[in-house]
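Here's the letter readout for the chains.
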There are 2 protein chains.
Amino acid sequence: MKEHSITRRRFVAGTLATGAAAAAPAAAEAAKRKRKHKPRPTGSVRRADVVIVGAGFAGLTAARDIRSAGHSVIVLESRKRVGGRVWNHDLGGGVISERGGTFVGPTQDRLMALAGALGVKTFDTYDTGDNVYYNGSNRMTFSDTGPLGSAPPDPTTAAETAAVVAQLDQMSQSVPVDAPWEASSAANWESYTLDRWVKENSASPNFQALVPLATRPIFGAEPRELSLLFTLFYIASSGNEQHQGTFERNFDTRGGAQQSRFVGGSQTIALQIAARLGSRVVLGSPVRRIVQGPRGITAHSDKVTVKAKRAIVAIPPALAGRISYEPLLPFQRDQLTQRYSQGTLTKVAAVYDRPFWRAAGLNGQAIDTGGPVSATFDDSPPTASASRGPGIIFGFVGGDYARSYAAMSAGARKAAVLGQYAKFFGSDALKATSFFETFWSADEWSRGCPVGIPATGALLAYGPWLRQPIGRIHWAGTETSDYWNGYMDGAVRSGERSAREVLGEL
Amino acid sequence: MKEHSITRRRFVAGTLATGAAAAAPAAAEAAKRKRKHKPRPTGSVRRADVVIVGAGFAGLTAARDIRSAGHSVIVLESRKRVGGRVWNHDLGGGVISERGGTFVGPTQDRLMALAGALGVKTFDTYDTGDNVYYNGSNRMTFSDTGPLGSAPPDPTTAAETAAVVAQLDQMSQSVPVDAPWEASSAANWESYTLDRWVKENSASPNFQALVPLATRPIFGAEPRELSLLFTLFYIASSGNEQHQGTFERNFDTRGGAQQSRFVGGSQTIALQIAARLGSRVVLGSPVRRIVQGPRGITAHSDKVTVKAKRAIVAIPPALAGRISYEPLLPFQRDQLTQRYSQGTLTKVAAVYDRPFWRAAGLNGQAIDTGGPVSATFDDSPPTASASRGPGIIFGFVGGDYARSYAAMSAGARKAAVLGQYAKFFGSDALKATSFFETFWSADEWSRGCPVGIPATGALLAYGPWLRQPIGRIHWAGTETSDYWNGYMDGAVRSGERSAREVLGEL
């Protein structure tokens, strides 16, 4: 990857263009045009050492760290709220359900440390009793204390599940989390979709039917939409500096990424940071244009223009690609953002008077090879018990199911979800007191969830450009993280890393 | 694809949102915010029946047809020139070399008809004498009148080339050009990259090394970046209503897509249409925002605001996704644009006193499994002969080679290209009188060439949204064409089709 190191030095010399772009008549023409059309500041002009685009977990963490180091920040956020893909839904009476990112688990140290510093406490995800597995017409229950964890110990699939997960885990160990494109098999693995690799490396259609059941909640995607290299990177990423990542840690509750929840809801972390930042966070101000020159950055939003020494763009690559940059970014960065689409995920939740499934010996976790819901969790408040409500079950609708679900009427959608819940937990599941849905793909400022997904070949072609600063612009967001990419912990890590980069330059 | 038909009816009823988006609190919040922030018109306000975004072959063809039918149009173009990915380079003295789309061939009827109507004449691409094939250290010459056409009749690869091309052609016959996602094997073919399929269906590494040599010029991509379904669609698309598409027609000169050229250069067609449209084409005015309401469209560009009854957005999906739409488009359309990246292609050209290769019995066409150039053509003016110059050889640098090429110094790039040309055509190739490069991926208003490429799974998930009108917005551009998708002919077809759609509504 010779392109890797060219940009920064060039910028210092006064141009951001790569050698190639500088020589290109097309680029030269564009640069000339840009010089003529100087953008005018929008609304008021504010100044800070660092302007941060996006008040999700990444941007807010970066802002907190930079301010702690004694420098000034302004965070520009498109939405009228902070938290990004993490969003509390207030059910009244102090009860919160999470519309987006919810859980925290082992090796997610940076998220835990941040929550601890802010005084946000965790509690165990309800995990007493059996999981439900629905395979077409058959329902079975099982304990997640077995060797397969949250994966079903179906006799027709168990051996292959264990073998394939072990093989993926083993392969992932050769993928460097900070540079997956440098894996020795990277080119070969980029030629496979996960779907194709699974079909080459397993025999049972029953097992193969389980794979999308994992990818729909974890990636918001079908196996055919995932590069094998990216999948292996994601597995490697599900750990930390001390503990190798594993695929199981992605889908397990006990000992995995769904092990714990935050008191007050996960968005509380973002709300706490934002409260301390006060007017340094500007809501409702999408950034449309970022201009950088030898002395600084100007970020133009719909509401305010910010002049700063450095910028951190803390939004997903697909959205970062929609900002106009002057001068143009190197083409490699732009082509990366063209190849990094947001997953397709809808979260649904039903609220009940009581968590009735608990008395029946069920933990509220179910998986279904059918749809629309692929996996459920007990999202009841920490105060809930078999006799005290409310009880909440949320479900993930992802990939093809998210697409067909969106085409249904509101009534049919609710009936389909509650019908599945009744299959899992009994007919009491039909008596929901409320039902709500969060269509992350229809959200203007996420355009999909839970994570950005590179097309086959994209990591190999442009991976280094995910994170490499370009002049005075630094990149954050969970998609740029080495560990726990795609999770809240990855967002926090990326915020910390980008803050370190910027602090080294101020 | 139940999503296919929902939007239009909903829009008539006063909302553009899908059922899903309308029910989504996130979308509702966004809609509410939008109503408050009414965009102010930029610069002057003009009115027309139809506003067209993009003055490439698609947008200009649409404008011409709509105006011929007696309706008014305004075309907003980001660049200071028309033609899009088609661009003449004036070498002086009436000599033109093409920086972008160049050729026309059999079954490209709509481009031929348009050129004919405008009085733009064609001439044969120089194709007398032998082609050169360079395979690592071995050079061979061959005639393209053989059964493999422009593919090399290397004894180590010929049988497999013929068999694999025949198999791809046969498979492509079950792909409907107007709806490739409806092919009965679509889901299976979306699980394969072209690379994986080739490796499963061929044995010889020598043959496999030829495949990127085709995909780099044709798609600007490596085989690992291409969905098999999209590749088969592209093959099916390389024909017309009377003649089945074939892969050969993509890479052949004799009887294929490189058979003929336009007198005065291919951009002449765009320049002629634009001259007739006069001030109806506004250059240097990138459209940033399109607002549609029950009575019309408002398109906001940097230079002018246009109010119209209908809009045609005639730019690649990846660029169309960067415009802000109010109300938001259905999420399916947005996710499609996130999954449709522009290829990576650089075109290089060397100019010589004479087309010296002709006297040596060479036609100027060469292919090389090495790089940076994968394929060359004689781009000399129609007046050139063995004794009369200038002689021009252009070359395609695509996919991984375009990426590594961009990292080289200007001097190293020129030396590498001329060094290849010398291997192909002899040491006279080192004596270029000029050398120029066009980095399409670094071009702000193309962001890549020659065509948009859907990620694996994208056509199956969102294919219908490529072309389906959304309220008063219609879509054109070569990526939306059934036949000759990715070529100038596809652009013209898409312009004609979008004009018919709009005329049916005016």
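A. Representation of the pairing of strand β1 (residues 44-53) of chain B within the structure. Residue and element names in this part refer to chain B. In the sheet, β1 pairs with strand β13 (residues 304-313) via nine bridges, with the strands oriented parallel. Paired with R47 across the strands is K307, a residue of β13. Alignment of β1 against strand β2 (residues 73-76), held across four bridges, turns out to be parallel. Looking at the pairing, V50 lines up with V73 of β2. In this fold, the crossover linking β1 to β2 by way of helix α4 (residues 57-68) has right-handed handedness.

B. View of the nonpolar core. With 282 residues, the main nonpolar core has V51 of chain A together with V51 of chain B as its most contacted residues. Excluding anything up to four places from it in sequence, V51 of chain B contacts I74, L76, I297, A299, V306, A308 and A311 of chain B.

C. Structural detail: the pairing of strand β16 (residues 345-352) of chain A. All names here are of chain A. Burial within β16 is extensive, with eight of its eight residues counted as buried. Residues L345, K347, A349 and V351 point to one face of β16 and T346, V348, A350 and Y352 to the other, with burial holding for every one of them. Here β16 pairs with strand β19 (residues 391-398) via eight bridges, running antiparallel. Looking across to β19, one finds that L345 is bridged to G398. Of the pairings in the sheet, the one linking β16 to strand β20 (residues 434-439) comprises six bridges and is antiparallel in character. The residue bridging A349 from the neighbouring strand is F436, located in β20.

D. Structural context of the sheet that holds strand β7 (residues 130-135) of chain B. All names here are of chain B. Strands sit in the order β8-β7-β17-β18-β19-β16-β20 across an open sheet of seven strands; the sheet is mixed. Each having just a single partner strand, β8 (138-142) and β20 (434-439) make up the two edges of the open sheet. Strand-to-strand, the axes of this sheet are offset by a mean angle of 20°, without reference to chain direction. Where helix α9 (residues 205-219) meets the sheet, its contacts fall on β17 (362-368), β18 (375-378) and β19 (391-398), and the angle it forms with β19 comes to roughly 105°.

E. Fine view of α4 of chain B. Residues and elements named next belong to chain B. Taking 1.5 Å of rise per residue, the 12 residues of α4 would be expected to cover 16 Å, and the 16 Å separating its terminal C-alpha atoms lies within 8% of that figure. Considering only its buried residues, α4 is in contact with β1, β2, α5 (109-118), α12 (267-277), β13 and α19 (488-503). Trailing α4 by a residue or two, G70 shows a phi angle of about 95°, which is positive.

F. Representation of the packing of helix α4 (residues 57-68) of chain A against helix α12 (residues 267-277) of chain A. Residue and element names in this part refer to chain A. Packing of α4 against α12 leaves a shortest axis separation of 10 Å and a crossing angle of 40°. Between α4 and α12, the angle is such that the two are oblique. In this structure, α4 crosses over α12, and the sense of that crossing is left-handed. Taken together, the residues of α12 that come into contact with α4 (itself represented by F57, L60, A63 and R64) are I269, A270, I273, A274 and L277. Here the residues of the contact of α4 with α12 sort into eight nonpolar, no polar and one charged.

G. Summary view of the environment of G136 of chain B. Residues and elements named next belong to chain B. Structurally, G136 can be placed in the loop between β7 and β8. Spatially, the C-alpha atom of G136 lies 45 Å from that of I273, the residues being 137 residues apart in sequence. Beyond its immediate sequence surroundings of up to four residues, G136 is in contact with T369 and G370.

H. Spotlight on the packing of α4 of chain B against α19 of chain B. Residues and elements named next belong to chain B. Two elements in contact, α4 and α19, have axes separated by 7 Å at closest approach and are oriented at 40°. In terms of orientation, α4 lies oblique with respect to α19. The crossing of α4 and α19 is right-handed. Mapping the contact onto sequence places F57, A58, G59, L60, T61, A62, D65 and I66 in α4 and M488, A491, V492, S494, G495, E496, S498, A499, V502 and L503 in α19. Class assignment of the residues belonging to the contact of α4 with α19 gives a composition of 11 nonpolar, five polar and two charged.

The rules behind each value
Residues numbered from 1 in each chain as written. Chains lettered and ligands numbered in written order. Predicted model: local features only at pLDDT ≥ 70, side-chain atom pairs only at ≥ 80, totals over all residues. Pairing = 2+ DSSP bridges. Helix = DSSP H or I, 4+ residues; strand = E, 2+ residues; numbered from the N terminus. Right-handed = clockwise from strand over helix to strand, strands pointing away. Core = buried A, V, L, I, M, F, W, Y, C linked by C-beta atoms within 7 Å. Buried ≥ 20, exposed ≤ 12 C-beta atoms within 10 Å, placed from the backbone. Contact = placed C-beta atoms within 7 Å. Axes fitted to C-alpha atoms, helices over the stretch in contact; angles between N-to-C directions. Expected span 1.5 Å × (residues − 1). Parallel < 35°, antiparallel > 145°, perpendicular 65-115°, else oblique. Left-handed = near helix turned anticlockwise from the far one by under 90°. Nonpolar A, V, L, I, M, F, W, Y, C, P; charged D, E, K, R; others polar.

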